Amino acid sequence: MPFSINYGLLAFALFFIFVIFYWVYAFITVYHLIRFGVGTQPKKFAAIFLIGSMVIFFLCIILFSTIDVNATFGRIINLLQQLKSSTQ
């Protein structure tokens, strides 16, 4: 039985891992700025960072949803096959 890779599921899993990593990183950064900052300046910076993180996150969601993943993986596979055939 040949092994078949479901690229849609793979892309979703990688994207989900990236989202979890990104939000944990953003939370740790904001938490430490608020918790250990002295005065109001670090708290303002943390708020700006959090808002910027949310904007970038939702922008990435919108851009990712408009990408045709199957076509992208097809182009990558074709490129790899061309590279493989040119090196032989």
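Residues numbered from 1 in each chain as written. Predicted model: local features only at pLDDT ≥ 70, side-chain atom pairs only at ≥ 80, totals over all residues. Heavy atoms only, no water.

Section: a nonpolar patch on the surface
Under the convention used in this document: Only residues whose relative accessible area exceeds 30% and that take part in no salt bridge are eligible for patches, with like-charged residues grouped when within 9 Å of each other and nonpolar side chains (Val, Leu, Ile, Met, Phe, Trp, Tyr) grouped when within 5 Å. Areas reported here follow the Shrake-Rupley algorithm with a probe of radius 1.4 Å; residue values treat only the protein chains shown as occluding. Any carboxyl oxygen of Asp or Glu that lies within 4 Å of a side-chain nitrogen of Lys or Arg is treated as forming a salt bridge with it. Helix and strand definitions follow DSSP, with helices as H or I runs of at least four residues and strands as E runs of at least two, each counted in order from the N terminus. For the exposure calls, accessible area comes from a 1.4 Å probe over protein chains only, and a residue counts as buried if that area is under 20% of its type's maximum, exposed if over 50%, partly exposed in between.
Judged by side-chain polarity, L9, F12, F16, I20, V24, F27, I28, Y31 and F36 come together as a nonpolar surface patch covering roughly 960 Å² of accessible area. Structurally, L9 can be placed in helix 1 (residues 7-36). When its relative accessible area of 54% is taken as the criterion, L9 is described as exposed.

Comments concerning the packing of helix 1 against helix 2 (residues 41-65)
Operational definition: What counts as an axis is a line fitted to C-alpha atoms, over the stretch in contact for a helix, and the angles between N-to-C directions run from 0 to 180 degrees. Each angle receives one of four descriptions, namely roughly parallel if under 35 degrees, roughly antiparallel if over 145, roughly perpendicular if within 65 to 115, and oblique otherwise. Between two residues, a contact is recorded if the distance between any of their heavy atoms is within 4.5 Å. By the convention adopted, Pro, Cys, Tyr, Trp, Phe, Met, Ile, Leu, Val and Ala count as nonpolar, Lys, Arg, Asp and Glu as charged, and the other residues, Gly among them, as polar.
Across the interface, helix 1 lies against helix 2 with an axial gap of 8 Å and an inter-helix angle of 170°. Classed by the angle they form, the pair helix 1 and helix 2 counts as roughly antiparallel. Residue-level contacts link F15, V19, Y22, W23, A26, T29, V30, L33 and I34 of helix 1 to P42, K43, F45, A46, F49, L50, S53, M54, I56, F57, I61 and F64 of helix 2. A per-class count over the contact of helix 1 with helix 2 returns 18 nonpolar, 2 polar and 1 charged.

Here's the deal with the packing of aromatic side chains
Just so we agree on the cut-off: Two aromatic rings from Phe, Tyr or Trp, using only the six-membered ring of Trp, form a pair when their centres are within 6.5 Å; if the ring planes differ by under 30 degrees the pair is stacked, by over 60 it is edge-to-face, and anything between is tilted.
On inspection of all chains with the given rule, the structure shows 7 aromatic pairs. Taking 5.2 Å as the distance between ring centres and 75° as the angle between the ring planes, the aromatic pair formed by F57 and F58 counts as edge-to-face.

Here's the deal with the environment of N70
Considering the arrangement of structural elements, one finds N70 in helix 3 (residues 69-87). For N70, a relative accessible area of 58% corresponds to the exposed category. Spatially, the C-alpha atom of N70 lies 22 Å from that of S85, the residues being 15 residues apart in sequence.

Points about the confidence of the model for the protein chain
Residues shown with low pLDDT carry predicted positions that ought not to be read at fine detail. What counts, and what does not: Per-residue confidence from the predictor is reported as pLDDT, which spans 0 to 100.
This prediction gives the protein chain a mean pLDDT of 81; 95% of its residues lie at or above 70. Of all secondary-structure elements in the protein chain, the lowest mean pLDDT belongs to helix 3, at 81, while helix 1 reaches the highest, 84.

Focus: the environment of Q41
Relative to the assigned elements, Q41 resides in helix 2. Distance from Q41 to D68, taken between C-alpha atoms, is 43 Å for residues 27 residues apart in sequence.

Thoughts on helix 2
Heads up, the condition is: To estimate how far a helix should reach, multiply one less than its number of residues by 1.5 Å.
For helix 2, spanning 25 residues, the distance from its first C-alpha to its last is 36 Å, which sits close to the expected 36 Å at 1.5 Å a residue. Three or more residues of helix 2 are buried, namely P42, A46, S53 and F57. The inward-facing, buried residues of helix 2 contact helix 1.

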